[in-house]
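Overview (structure and organization)
Here's the letter readout for the chains.
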Amino acid sequence: MTPGWLQRLFAATYDPMLARYERRGLAELRRGLLADLEGAVVEIGAGTGANLVHYGPGVSRVTAIEPSGPMGERARRRADGSGASVEVVRAPAERLPLPDASADVVVSTLVLCSVRDVPAALGEARRVLRPGGRFVLLEHVAGEGSTLRMQRLLEPVWKPLAGGCHLTRTPLTSLAAAGFDTSGIRAVRLPMAGPVRPGLAGVAVAP
Ligand SMILES: C[S@@+](CC[C@H](N)C(=O)[O-])C[C@H]1O[C@@H](n2cnc3c(N)ncnc32)[C@H](O)[C@@H]1O
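So, a few notes on the structure that sits alongside this text.

Cut-offs and rules
- Residues numbered from 1 in each chain as written.
- Predicted model: local features only at pLDDT ≥ 70, side-chain atom pairs only at ≥ 80, totals over all residues.
- Helix = DSSP H or I, 4+ residues; strand = E, 2+ residues; numbered from the N terminus.
- Expected span 1.5 Å × (residues − 1).
- Bend = angle between axes of the 7 residues up to and from the residue.
- Pairing = 2+ DSSP bridges.
- Axes fitted to C-alpha atoms, helices over the stretch in contact; angles between N-to-C directions.
- Contact = placed C-beta atoms within 7 Å.
- Core = buried A, V, L, I, M, F, W, Y, C linked by C-beta atoms within 7 Å.
- Buried ≥ 20, exposed ≤ 12 C-beta atoms within 10 Å, placed from the backbone.
- Parallel < 35°, antiparallel > 145°, perpendicular 65-115°, else oblique.
- Nonpolar A, V, L, I, M, F, W, Y, C, P; charged D, E, K, R; others polar.

**What about helix α1 (residues 4–34)?**
Over its 31 residues, α1 extends only 31 Å from the first C-alpha to the last, a length that falls short of the 45 Å expected when each residue adds 1.5 Å. E22 marks where α1 bends most, by close to 85°.

**Observations regarding the sheet that holds strand β5 (residues 129–140)**
Spatially, seven strands are ordered β3-β2-β1-β4-β5-β7-β6 in an open sheet, and the strand pairing comes out mixed. This sheet does not close on itself; its edge strands, each paired only once, are β3 (86–89) and β6 (181–189). Here the strands of the sheet are splayed against their neighbours by 15° on average, with no regard to which way each runs. Along the sheet, helix α2 (residues 69–82) contacts β2 (59–65) and β3; its crossing angle with β3, the most-contacted strand, is approximately 170°.

**With respect to the nonpolar core**
Counting residues in hydrophobic clusters, the biggest one holds 48 residues, and the most contacted among them are V41, V42, I44, A64, V106, A125 and F135. Apart from the residues lying within four places of it in its own chain, the contact partners of I44 are I65, A93, V106, S108, V111, A121 and A125.

**Points about the environment of E139**
Along the chain, E139 falls in strand β5. You can call E139 buried: it has 23 C-beta atoms within 10 Å. Remark: the alpha-carbon pair of E139 and T170, spanning 31 residues in sequence, is separated by 9.6 Å. The contacts of E139, once residues within four sequence positions are left out, are S108, L110, L112, C113, P171, G199 and L200.

**Points about the packing of α1 against α2**
At a minimum axis distance of 8 Å, the contact between α1 and α2 shows a crossing angle of 30°. The angle between α1 and α2 places the two elements in the roughly parallel class. Contact residues: α1 offers Q7, R8 and A11, while α2 offers P70, M71 and R74. Of the residues assigned to the contact of α1 with α2, the class counts are three nonpolar, one polar and two charged.

As structure tokens, then:
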């Protein structure tokens, strides 16, 4: 469990820390994945609400799931200013307080690195998605060769400072194990710092 002061510090510094990466192409990646979505969206680990400005008119409502109070507060303030139908709910992705088959889309951006239990979170995403629903993701992942060696060395220091973020996770394998069709996901180079540059973006489809 991340101590409260570290959660507050992470929340206060998150947007300034990401600002230059958003300008260098992260915002563009977000927009490309989110602008044409339709229906009821559940966003897990919504953080400070960085995705909210990117949802297009096809989205009927966004349920923004966020377990950290300080992050959720920022998302709530952003939602209030957005004019969209957004509800921020304090909960972990591993226990979504939502009915079965109630979502058209689940969105996860830079989140599967931080959730405590990836299979449980993906199981919950599957449960709340309607059959054929879409799991839209943008995640940093384990690299290869020297990048992976550097990620393994850094991870023990990085994790407590970055809100529990793991550098060496392999969400594509986890999504396939959870029964999603992952053929719509591609490898990307994220416009971010070296350890979080190897990435995945795209859409996995629920059975
Ligand atoms: C790196 S931030 C990403 C925030 C946002 N999705 C974005 O794209 O900017 C990771 C977020 O995941 C949240 N998180 C951590 N553990 C979680 C869990 N078990 N379930 C859902 N969200 C979690 C953190 O509180 C944090 O807001």
